[in-house]
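# Examining the three-dimensional arrangement
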Amino acid sequence: MSMRFAAKARRGLVALTVAAGLAVGVTGCGGGGGGGGEDKPHGPASASTAGDPGPSTQEGDSEQPLAELRGSDGLLLRITSAQRDSGGFVTVDGTLKNDGARTAVIPSALSGNETEIIKNGRSLGGATLVDPKGKKRYYVLRDTEGRPLTTTGFTTLKSGATLAVFMQFPAPPADVTEVDFQLPTFTSAGIKISG
């Protein structure tokens, strides 16, 4: 029975990952409907370098973040958007900043406690969205090899430095527009899903 369940779950995860990948590809190829007049390429999901806009941030959102969460060692996470996509997932974009006076080591707890995610290195795989009314928790999506669909590959952040981050989750039902965002070692905050 458990092997059958695991096989069904794996097939479902593969289908969800393929759908999410196609949706991301279609979104990335879309003709700039942002109205900003600039099309900037997005880099890989790793630490940003000078002049590199980093992964998946949406432009024009820096004025009024959806939420600011404080973490350990002076870390600050600003959530700039939570966008529902037609592929059945929600992409949360933001920036992770070191507000502390010295270089911060990114806590391994941010990756969560699932063995499959931890073996793929540091990430924001421990993030969750909670629907308080529906009493459901949504975890970061993973690809078929267990890698979380989130920013990965960062271990430290220098004082004053920022890192563009993203996380993808399964979308809650369409009528759910407000959820609680949680990340280990950070305060939690309510955010509004658009789209």
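Structure: above.
Overview of the structure. Because the structure is a prediction, the values reported are computed rather than measured.

### Quick notes on the environment of phenylalanine 169
Along the chain, the position of phenylalanine 169 falls in strand β8 (residues 162-170). Along the primary structure phenylalanine 169 and valine 90 are separated by 79 residues, whereas in three dimensions their C-alpha atoms are 5.2 Å apart. Those residues in contact with phenylalanine 169 that lie beyond four places of it in its chain are Gly88, Phe89, Val90, Val92, Ala127, Thr128, Leu129, Tyr138, Tyr139, Val140, Leu141 and Phe181.

### A short note on the pairing of strand β10 (residues 189-192)
Residues of β10 alternate between two faces, with Ala189 and Ile191 buried on one and Gly190 and Lys192 left unburied on the opposite face. In the sheet, strand β9 (residues 178-182) pairs with β10 via four bridges, with the strands oriented antiparallel. Along β10, the bridge assignment pairs glutamate 178 with lysine 192.

### Remarks on the pattern of salt bridges
Per the stated rule, a full pass over the model turns up six salt bridges. Glutamate 114 is paired through a salt bridge with arginine 142; the nearest N and O atoms lie 2.9 Å apart. Of this pair, glutamate 114 sits in the loop between β4 (104-105) and α2 (115-118) while arginine 142 sits in the loop between β6 (136-139) and β7 (156-157), placing them 28 residues apart in sequence. Residues joined in a network through salt bridges with shared partners are Arg70, Lys97 and Asp99.

### Quick notes on the nonpolar core
Within the largest apolar cluster, 31 residues are counted, with the highest numbers of intra-cluster contacts made by Leu77, Val92, Leu96, Leu129, Met167, Phe181 and Ile191. Going through the elements one at a time, β1 (67-70), β2 (75-85), β3 (89-98), β8, β9 and β10 are the ones with two or more residues in this core. Ignoring any residue separated from it by four or fewer positions in sequence, one finds methionine 167 in contact with Val90, Thr91, Val92, Leu124, Ala127, Val140, Leu149, Thr150 and Phe181.

### Here we look at the sheet that holds β6
Ordered in space as β6-β5-β9-β10, the four strands form an open sheet in which the pairing is antiparallel. Since the sheet does not close on itself, it has two edges, and those belong to β6 and β10, each with one partner. Mean inter-strand twist for the sheet, computed between neighbouring axes without regard to direction, equals 35°. Bridging between strand β5 (residues 128-131) and β6 involves four bridges; their strand directions are antiparallel. The partner of valine 130 across the bridge, within β6, is arginine 137.

### Some points on the pairing of β2
Among the eleven residues in β2, nine count as buried, and that is most of the element. In this structure, β1 lies alongside β2, joined through four bridges in antiparallel fashion. Each bridged residue has a counterpart across the sheet, and for arginine 70 the counterpart in β2 is leucine 76. Taken together, β1 and the strand that follows it, β2, pair antiparallel across an intervening segment of four residues, in which aspartate 73 is found at a positive phi of about 55°. The pairing of β2 with β3 spans ten bridges and is classified as antiparallel. Note on β3: the bridge partner recorded for arginine 78 is threonine 95. A loop of three residues connects β2 with β3, the two strands running antiparallel in sequence, and glycine 88 in this loop sits at a positive phi of about 95°.

### Side note on the sheet that holds β8
The strand order across the open sheet built from four strands is β1-β2-β3-β8, with neighbouring strands paired in antiparallel fashion. Strands with a single pairing partner mark the edges of an open sheet, and in this sheet they are β1 and β8. For this sheet, the mean angle separating the axes of adjacent strands, direction not counted, is 25°.

What counts as what
Residues numbered from 1 in each chain as written. Predicted model: local features only at pLDDT ≥ 70, side-chain atom pairs only at ≥ 80, totals over all residues. Heavy atoms only, no water. Helix = DSSP H or I, 4+ residues; strand = E, 2+ residues; numbered from the N terminus. Contact = heavy atoms within 4.5 Å. Buried < 20%, exposed > 50% of the residue type's maximum accessible area, 1.4 Å probe, protein only. Pairing = 2+ DSSP bridges. Salt bridge = Lys/Arg side-chain N within 4 Å of Asp/Glu carboxyl O. Core = buried A, V, L, I, M, F, W, Y, C linked by side-chain atoms within 4.5 Å. Axes fitted to C-alpha atoms, helices over the stretch in contact; angles between N-to-C directions.

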